[in-house]
Amino acid sequence: RKEVEQDPGPFNVPEGATVAFNCTYSNSASQSFFWYRQDCRKEPKLLMSVYSSGNEDGRFTAQLNRASQYISLLIRDSKLSDSATYLCVVNIGRDDKIIFGKGTRLHILP
Amino acid sequence: SAVISQKPSRDICQRGTSLTIQCQVDSQVTMMFWYRQQPGQSLTLIATANQGSEATYESGFVIDKFPISRPNLTFSTLTVSNMSPEDSSIYLCSVGPTEDTQYFGPGTRLTVL
């Protein structure tokens, strides 16, 4: 099992719809979880951290399920500008090693 | 937040040559990282560069192929040596990680012919 797995997509979603991504991780000792966004030909940028209690930032909601070892990202009322690749990132806690998923591509359709 | 610049932003190189990529940060940081992102793939950590010590390489990456310098707390270089077409990739430096975030440079897009 890969350390961090994501559905590569692409997800083609009409503008205004709600879309959800999941990401699974294999190391139960993982301590920190993040979602990054990467636009085409750009560097990744932190979108949000994922806390055990879940967290929300505007239209974006992140959830962590430690028992099942997955994290999720929900985007409500999607905008054209949400089109990007979303990277699931896990700090496995060993020497602060960060593992990146391959990303899920999202295309918001007008 | 840290502001990171990289030089060059892109290059096209001949097989067998070497390229040195520079990474400059606008603040002093202890740990800097070098990643590779091959086409259609996610980021793979090459090495961790700490100031005043040897870089720590990840499995599959060796110092002879990817020598790293870290002369001070705001600067690092990564050299891709004896390049082959398989080295064509985007190379990114970053600072962190912290509990909250990791900042990436804009990347260097390398094409090896």
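As a reminder, the structure under discussion sits directly above these lines.
Since this is a predicted model, take the numbers as computed values, not measurements. (Residues numbered from 1 in each chain as written. Chains lettered and ligands numbered in written order. Predicted model: local features only at pLDDT ≥ 70, side-chain atom pairs only at ≥ 80, totals over all residues. Heavy atoms only, no water.)

Draft legend 1. Region of the structure containing the pattern of salt bridges. Residue and element names in this part refer to chain A. Summed over the entire model, instances satisfying the criterion amount to 5 salt bridges over all chains. Residue Glu56 pairs with Arg76 through a salt bridge whose shortest N-O separation is 3.5 Å. Of this pair, Glu56 sits in strand 6 (residues 55-57) while Arg76 sits in the loop between strand 8 (70-75) and strand 9 (84-91), placing them 20 residues apart in sequence. On the basis of relative accessible area, Glu56 is assigned to the exposed category, the value being 57%. (Salt bridge = Lys/Arg side-chain N within 4 Å of Asp/Glu carboxyl O. Helix = DSSP H or I, 4+ residues; strand = E, 2+ residues; numbered from the N terminus. Buried < 20%, exposed > 50% of the residue type's maximum accessible area, 1.4 Å probe, protein only.)

Draft legend 2. Structural detail: the side chain of Arg36 of chain B. Mapped onto the elements of the fold, Arg36 of chain B is located in strand 4 (residues 31-37). Excluding anything up to four places from it in sequence, Arg36 of chain B contacts Ser42, Leu43, Thr44, Ile46, Phe61, Phe66, Asp87, Ser89, Ile90 and Tyr91 of chain B. (Contact = heavy atoms within 4.5 Å.)

Draft legend 3. Layout of the state of the cysteines. Applying the stated criterion across every chain yields a total of 2 disulfides over all chains. Bridging Cys23 of chain A to Cys88 of chain A, the disulfide has an S-S length of 1.9 Å. Residues Cys23 of chain A and Cys88 of chain A share a disulfide whose torsion about the S-S bond is about -75°; that sign makes it left-handed. Highlighted residues: Cys23 of chain A in strand 3 (residues 19-25) and Cys88 of chain A in strand 9, separated in sequence by 65 residues. Grouping residues by exposure puts Cys23 of chain A and Cys88 of chain A together as buried. With its sulfur 2.0 Å from that of its partner, Cys23 of chain B forms a disulfide with Cys93 of chain B. Residues Cys23 of chain B and Cys93 of chain B are joined through a disulfide that is right-handed, its torsion about the S-S bond being 75°. Pair noted here: Cys23 of chain B is in strand 3 (residues 19-25) and Cys93 of chain B is in strand 9 (residues 89-95), with a separation of 70 residues, a long-range link. (Disulfide = S-S within 2.5 Å.)

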